[in-house]
Amino acid sequence: MNAKKTAYLRLLPVAILFCGLCLFAWLKPADDFSLTERRPLAQMPELKGDEVLSGDFMTDFEDYATDQFPLREPFRKLKSFIQFNLLGQKDVNDIYIAQGSAAKIEDPFNEKWVQQNAQKLQAVFESHFQAGGSKAFFALIPDKGFYLADKYGYPGMDHKAMWEAVEQNTGFAQWIDLTGRLDITDYYTTDSHWRQECIGEAAQALADALGVDISQVYTENLAREDFAGVYAGQSALPLPAEPMYYLTSEVLNGATVFDFETNKTTGIYDLEELWGRDPYDLFLSGAAALQVIENPACDTGRELVIFRDSFGSSMAPLLVPGYSKVTLVDLRYFSSMLLPQFVPAQGQDVLFLLSPGILNSVNLIK
Amino acid sequence: MLFSSIPFAYYFLPAVLVLYFLVPFRFKNAVLLAFSLVFYGWGEPVYLILMTLSILMGWVFGLLIGKYRGTKRAKLFLTASVVTSLGLLGWFKYADFAVENLNALGLNLALPRVALPIGISFYTFQILSYTIDVYRGNAESQKSLVNFGAYVSMFPQLIAGPIVRYADVARQLESREHSVEKASLGVRRFVIGLAKKVLIANQLGQLIELYRASSQPSVLFVWMYAAAFALQIYFDFSGYSYMAIGLGKIFGFDLLENFNYPFISRSISEFWRRWHMSLGGWFRDYVYIPLGGNRVKPLRYVFNVLAVWALTGLWHGAAWNFVLWGLLFAALLTAEKFLLGKAMAKLPGWLVRVPILVVLLISFVLFNASSLSQAAADVGGMLGLGGLPAVSAESLYYLRSYGLLLVMAVVGATPLVKNLALRLEKGKAFAILEPVVLCALLLAVTAFLVGGSFNPFLYFRF
């Protein structure tokens, strides 16, 4: 084969591929949102003199060009495939798969942060609730890393040290151990959260400690057959979609949820969210600073305040049958300084139901 | 703008290619100059003024030196060129370092806090090579400002080299061949260089970040870090040089090689004949030989080597760890010349290469340290000092996770793959296989860029 023919053979396929991708990139209309990554995509920045001179236009254009590149999702999957399968990396974007379930490598245990956060929570309870006769309870939620990381040799948090530190630093509250009430199959394989239909035993442990009766006859409802959780999107690994269920009962059907931010009253489950950015927002409409669940079926007048994170959205409904009113506070979005204004102390049970990532962080709890 | 970015690969590059090949030859350098200025101004528009000033000064001094060559005036203009070029480099690169050191001696001066313009070390050395070569009579002065501007600012090698000497491309600026053969070789070079940077160097960079953030440091992890950094900087730097040479070929230029499998070297002096060859050549021709080179008395030779390597260290960054890094090589090269050279030549290859690799790893750890104390901690960790455990669960995990990549990088840093390709090239299947591999690499690189992989820029301090 002569040199010219070889050169054409070498050049043409690459040139065709390159030109095709260029044209596609230049002509493709911009998308607004990446459903798998659960984030808005950068848009074409406006060309202004001062933005160009400051370099902001260039930075924004780089974000736009990368975000809006054609075939974004297949390319993300290709990258993960190469990292995971060809380069043999054990995690992709810190997400690994063990026992068929995806989990994230957690930040290392930081005793100082855990102590600080525990002190903050203690101050919240003692300054606001204790005088009203409230009793505090503390349950640390075992996340997926608790069941997978040590067992399969993944780095991250020292869970034993974490649990010991939290228990030692939350002496103001009655400790509730959930670790033996759950196992890895109680969690979505593609998401960080637990499955509501699998956490009955953990809910019962909480109820036993709180001293309330939450027994109910539940109906298991299929919400979606093709739920792909946050880890599926973040890692772009070929994790099979899975069914998502939610539990209903007469009591839950009659309960209402008031959200102080949106000033809206809804039901326990927000079915519209099933088709939104995060289907897990089905439970209590997702992340919220302050919500109150009213349960007209309970006439004891007993109230519960739960300081929670996203795991609480699917757990709190299971505790509703035991209370007339359940207040949900997410201290990541709600300043504890506002508690007297919105959550008057009236001798409520106070449950701190948090996952390790919240306590093992700096400045996340307000 | 980085080569390893979507805006460069899929917006800037097609635009410059279309316009470059549309215009007649007499406008091609103007197109290159215009796009090179856009390329440079993309990240730091304000430094376009500095770049333009440097080009203008280099061009004017070159004309004056050429006009008065052989007279005292030429020497005067050369001195002015060297002083102004090094003055600008000194201010923008070394002002803060100098003030910090003066303050350490007891002064209380305010830090000027000067930001380092990207690529200033590269284009300053190119301008100096031009004016010196014109003075020496090795090159004619360039009459066209556009041609000279294109030479200084040419985007393929502007921010990460290789340092192109004017004499090497003077003729090509006036007339060069564009052909399918050359372009196809350029495309191959560019795609392979991009893959070296994005698929290997950037992934190794992630391991380095993990080491820095480690909560369980261990001796194993420090060695993994040292190996990962040495390989990262090699694949990053040689990948950029590959891309530059490839782009140069597409635009008709033949740029000189910058790397030649340095990690297979049997001596430190051989390593420096294979690593960043354009910088080594520059210091050899414009500093070392004018100082007398090696044809001097031993003491003077030691001084020459120390001077060149202290400057080489400082060229890489304004910090003492770079100076120490340079002086380490000065000491090694001196020891090789006077003490070890003959013995090393007689030893079996592996017996020489292994200790050389260990020394190189230590040198790169020193190079990458953010401070002398960090350098001491890292090097101490490699030697088992500092009470680090031999291994930790974390280091074992990352060894499992990055082991294959490290092995691939080690193999890729030797001529094995190249030799295999050369052998396969003789077969007919290669003609089909090669474009398939290149397309696959382009797709893989694009996937990593779209997926937002770790993409550091290692040359900000050069």
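These numbers come from a predicted model, not from an experiment.

How each quantity is defined
- Residues numbered from 1 in each chain as written.
- Chains lettered and ligands numbered in written order.
- Predicted model: local features only at pLDDT ≥ 70, side-chain atom pairs only at ≥ 80, totals over all residues.
- Helix = DSSP H or I, 4+ residues; strand = E, 2+ residues; numbered from the N terminus.
- Buried ≥ 20, exposed ≤ 12 C-beta atoms within 10 Å, placed from the backbone.
- Contact = placed C-beta atoms within 7 Å.
- Rg over C-alpha atoms; globule rule 2.2 N^0.38 Å.
- Domains from an automatic or database assignment.
- Nonpolar A, V, L, I, M, F, W, Y, C, P; charged D, E, K, R; others polar.
- Axes fitted to C-alpha atoms, helices over the stretch in contact; angles between N-to-C directions.
- Parallel < 35°, antiparallel > 145°, perpendicular 65-115°, else oblique.
- Left-handed = near helix turned anticlockwise from the far one by under 90°.
- Pairing = 2+ DSSP bridges.
- pLDDT = per-residue confidence, 0-100.
- Expected span 1.5 Å × (residues − 1).

## Re the overall build of chain A
A count of helices and strands for chain A gives 13 helices and 14 strands. Counting only C-alpha atoms and orienting by the principal axes, one finds that chain A spans roughly 90 × 50 × 45 Å. Looking at chain A as a whole, 41% of its 366 residues qualify as buried. Considering only intrachain contacts with a sequence separation of at least 6, the fraction spanning at least 24 residues in chain A is 72%.

## Some points on the overall build of chain B
Counting its regular elements, chain B contains 18 helices and zero strands. Its C-alpha radius of gyration of 23 Å places chain B within 12% of the 23 Å reference for a compact globule of 462 residues. Counting only C-alpha atoms, chain B reaches 65 × 60 × 50 Å along its principal axes. Within chain B, buried positions represent 45% of all 462 residues.

## As for the domain arrangement of chain A
Residue and element names in this part refer to chain A. Partitioning chain A into structural domains gives domain 1 (3-72) and domain 2 (101-359). Centre-to-centre, using C-alpha coordinates, domain 1 lies 41 Å away from domain 2. At the junction of the two partners, domain 1 supplies four residues and domain 2 supplies five residues. Across the side of domain 1 that touches domain 2, the residue classes break down as one nonpolar, one polar and two charged.

## Concerning the packing of helix α14 (residues 349-368) of chain B against helix α15 (residues 372-382) of chain B
Residue and element names in this part refer to chain B. At a closest axis distance of 8 Å, the pairing of α14 and α15 adopts a crossing angle of 155°. Comparing the axis directions of α14 and α15 gives the class roughly antiparallel. The element α14 and its partner α15 pack so that their crossing is right-handed. Only A375, D378, V379 and M382 of α15 make contact with α14, whose side of the interface consists of I362, V365 and L366. Residue classes in the contact of α14 with α15 are distributed as six nonpolar, no polar and one charged.

## Here we look at unusual backbone geometry
Residue and element names in this part refer to chain A. Phi at L71 is positive, roughly 60°, even though this residue is not glycine. Along the chain, the position of L71 falls in the loop between α3 (56-67) and α4 (72-86). Using a count of 17 C-beta atoms within 10 Å as the deciding quantity, one classes L71 as partly exposed.

## Quick notes on the sheet that holds strand β10 (residues 264-266) of chain A
Residues and elements named next belong to chain A. Read from one edge of the open sheet, eight strands run β6-β5-β14-β12-β13-β11-β9-β10, paired in mixed fashion. Edge strands, defined here as strands with exactly one partner in the open sheet, are β6 (174-176) and β10. With direction set aside, neighbouring strand axes in the sheet form an average angle of 20°. Contacts from helix α8 (residues 200-210) reach β5 (135-140), β6 and β14 (349-354), with the element oriented near 160° to β6. The strands touched by helix α11 (residues 311-319) are β11 (290-294), β12 (303-308), β13 (325-329) and β14; relative to β12, the strand with the most contacts, the crossing angle is about 165°.

## Digging into the pairing of β14(A)
Within a regular beta strand, the side chains point alternately toward one face of the sheet and then the other, so they alternate between its two faces. All names here are of chain A. In terms of burial, β14 is largely enclosed, as six of its six residues are buried. Judged by which residues are buried, β14 turns out to be covered on both faces: D349, L351 and L353 on one side and V350, F352 and L354 on the other are all buried. Two elements, β5 and β14, share six bridges in a ladder whose sense is parallel. When the bridges of β14 are listed, A136 appears paired with V350.

## Thoughts on the confidence of the model for chain B
Atomic detail in the predicted coordinates should be set aside for any region of low pLDDT. Residues of chain B with pLDDT of at least 70 account for 98%, and the chain-wide mean is 93. Across the predicted assembly, pTM comes out at 0.89 and ipTM at 0.90.

## Focus: helix α11 (residues 277-288) of chain B
The complete set of buried residues in α11(B) reads B:M277, B:S278, B:L279, B:W282 and B:Y288. Looking at the packing, one finds that the buried side of α11(B) touches α5 (120-136), α10 (268-274) and α12 (298-316) of chain B.

## Remarks on the interface of chain B and chain A
Taken together, the contact between chain B and chain A spans 43 residues of the former and 40 residues of the latter. Going through the elements one at a time, α1 (6-22), α2 (25-43), α8 (180-212), α16 (393-412) and α18 (429-450) of chain B are the ones with two or more residues in the side of chain B that touches chain A. In terms of residue count, the dominant contributor to the side of chain B that touches chain A is α18(B) (13 residues). A class-by-class count of the residues in the side of chain B that touches chain A yields 27 nonpolar, 10 polar and six charged.

## Structural notes on the domain arrangement of chain B
Residue and element names in this part refer to chain B. What the domain assignment reports for chain B is domain 1 (6-176) and domain 2 (182-450). Averaged C-alpha coordinates put domain 1 and domain 2 at centres separated by 26 Å. Counting from both sides, the interface comprises 23 residues of domain 1 and, opposite them, 22 residues of domain 2. Put simply, the parts of the chain that give the side of domain 1 that touches domain 2 at least two residues each are α1, α4 (72-104), α5 and α7 (166-174). Looking at which element gives the most residues to the side of domain 1 that touches domain 2, the answer is α5, with five residues. Looking at the side of domain 1 that touches domain 2, its residues break down into 14 nonpolar, five polar and four charged.

## Some words on the environment of A:D349
Residues and elements named next belong to chain A. Looking at the element boundaries, D349 is found in strand β14. Of the residues examined, D349 has 22 C-beta atoms within 10 Å and is grouped as buried. A sequence separation of 138 residues divides D349 from G211, and the C-alpha atoms of the two residues are 9.9 Å apart. Residues within four places of D349 in sequence aside, it is in contact with S134, K135, F137, L210 and L304.

## Here's the deal with α2(B)
For α2(B), built from 19 residues, the straight-helix expectation of 27 Å at 1.5 Å per residue is met to within 8% by its first-to-last C-alpha distance of 29 Å. For α2(B), the full list of buried residues reads B:K28, B:N29, B:V31, B:L32, B:L33, B:F35, B:S36, B:L37, B:F39, B:Y40, B:G41 and B:W42. Buried residues along α2(B) sit in contact with α3 of chain A together with α1, α3 (48-67), α6 (145-153) and α7 of chain B.

## Considerations on the environment of B:S141
Residue and element names in this part refer to chain B. Secondary-structure assignment places S141 in the loop between α5 and α6. On the neighbour-count criterion, S141 (22 C-beta atoms within 10 Å) is buried. Along the backbone, S141 and A170 are 29 residues apart, and their C-alpha atoms lie at a distance of 9.3 Å. Not counting residues up to four positions away in its chain, the partners in contact with S141 are G62, L63, I65, G66 and V134.

## Focus on the packing of α11(B) against α12(B)
All names here are of chain B. In contact at an axis separation of 11 Å, α11 and α12 are set at 130° when each is read in the N-to-C sense. With respect to their mutual orientation, α11 and α12 come out oblique. Considering the relative orientation of α11 and α12, their crossing is right-handed. Only N304, V308, L311 and T312 of α12 make contact with α11, whose side of the interface consists of F283, V287 and Y288.

## Regarding the environment of B:L86
Residue and element names in this part refer to chain B. Tracing the sequence through the fold places L86 in helix α4. Taking the C-beta count within 10 Å as the criterion, L86 has 15 such neighbours and is therefore assigned partly exposed. Through-space distance from the C-alpha of L86 to that of T124 is 7.4 Å; in sequence the pair is 38 residues apart.

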